[in-house]
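This is what each chain is made of:
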Amino acid sequence: MAGQRCIALIAHDLKKDDMADFAREHQQALSQFRIVATGTTGGRVQEACPGLSVIRLKSGPLGGDQQIGAMIATGEVHMLIFFIDPLTSLPHDVDVKALTRLATVYDIPMALNRATAEMLSDFC
């Protein structure tokens, strides 16, 4: 896996079903990447796509968002797909903002909704 590009998958609670469905539909494209995901999201993706190897990090509110942010800063993550729920208030919103800021600063492709993720997957 050395040199393999890495994609990070994260989904807020009300978007986890959507992420699992997205992963199932794009399993072939995702299989070309090393995949890291926050805890519960990673578990849901693994359930939906048993053939994918997913490295599960901590849950987002327990530091998973920050772990992925650190991986972006060190060049280990090359793309971020983060299905954000804009209608739910989150206590760890500052972590979410920091993560999306890092993806912008380090100029990696980032999808914050299904429509953009679909477009990015066409380029994989």
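Residues numbered from 1 in each chain as written. Predicted model: local features only at pLDDT ≥ 70, side-chain atom pairs only at ≥ 80, totals over all residues. Heavy atoms only, no water.

A. Broad picture of the pattern of salt bridges. Inspection of every chain in the model, using the stated rule, returns eight salt bridges. Put simply, Asp21 and Arg114 hold a salt bridge, and the shortest N to O gap is 3.1 Å. In this pair, Asp21 sits in helix H1 (residues 16–25) while Arg114 sits in helix H6 (residues 114–122), placing the two residues 93 residues apart along the sequence. Owing to a relative accessible area of 27%, Asp21 belongs among the partly exposed residues under this scheme. Where Glu25 meets Arg114, a salt bridge forms, and the shortest distance between an N and an O atom there is 3.1 Å. Taken together, the residues span a long stretch of sequence, with Glu25 in helix H1 and Arg114 in helix H6 at a distance of 89 residues. (Salt bridge = Lys/Arg side-chain N within 4 Å of Asp/Glu carboxyl O. Helix = DSSP H or I, 4+ residues; strand = E, 2+ residues; numbered from the N terminus. Buried < 20%, exposed > 50% of the residue type's maximum accessible area, 1.4 Å probe, protein only.)

B. Looking closely at the side chain of Thr41. With respect to the secondary-structure elements, Thr41 resides in helix H3 (residues 39–48). Residue Thr41 is classed as buried on the basis of its relative accessible area, which comes to 1%. Dropping the residues within four chain positions of it, Thr41 is found in contact with Leu9, Ile10, Ala11, Lys16 and Met19. (Contact = heavy atoms within 4.5 Å.)

C. Highlighting the side chain of Asp65. The topology assignment puts Asp65 in helix H4 (residues 64–73). Among buried charged residues, Asp65 stands out as having no salt bridge; its nearest opposite-charge side chain is Lys16, 8.4 Å away. What Asp65 contacts, discounting residues up to four positions off in sequence, is Ile10, Thr38, Gly60, His92, Asp95, Val96 and Leu99. (Lys, Arg positive; Asp, Glu negative; His and termini not counted.)

D. Quick look at unusual backbone geometry. Of note in this structure, Asp107 is not a glycine but carries a positive phi near 55 degrees. Mapped onto the elements, Asp107 comes out in the loop between helix H5 (93–105) and strand S5 (110–111).

E. Structural view of the environment of Lys97. With respect to the helices, strands and loops of the structure, Lys97 is situated in helix H5. Judged by relative accessible area, which is 49%, Lys97 ranks as partly exposed.

F. The sheet that holds strand S3 (residues 54–56), seen in detail. The parallel open sheet is built from five strands, whose spatial order is S3-S2-S1-S4-S5. Edge positions in the open sheet fall to S3 and S5, since each of these has one partner strand only. Both strand S1 (residues 6–11) and strand S2 (residues 34–37) contribute to a ladder of four bridges, which runs parallel. Opposite Ala8, over in S2, you have Val36 as the bridge partner. With respect to the sheet, H1 is in contact with S1 and strand S4 (79–83), its orientation differing from that of S4 by roughly 135 degrees. With respect to the sheet, H5 is in contact with S1, S4 and S5, its orientation differing from that of S4 by roughly 150 degrees. (Pairing = 2+ DSSP bridges. Axes fitted to C-alpha atoms, helices over the stretch in contact; angles between N-to-C directions.)

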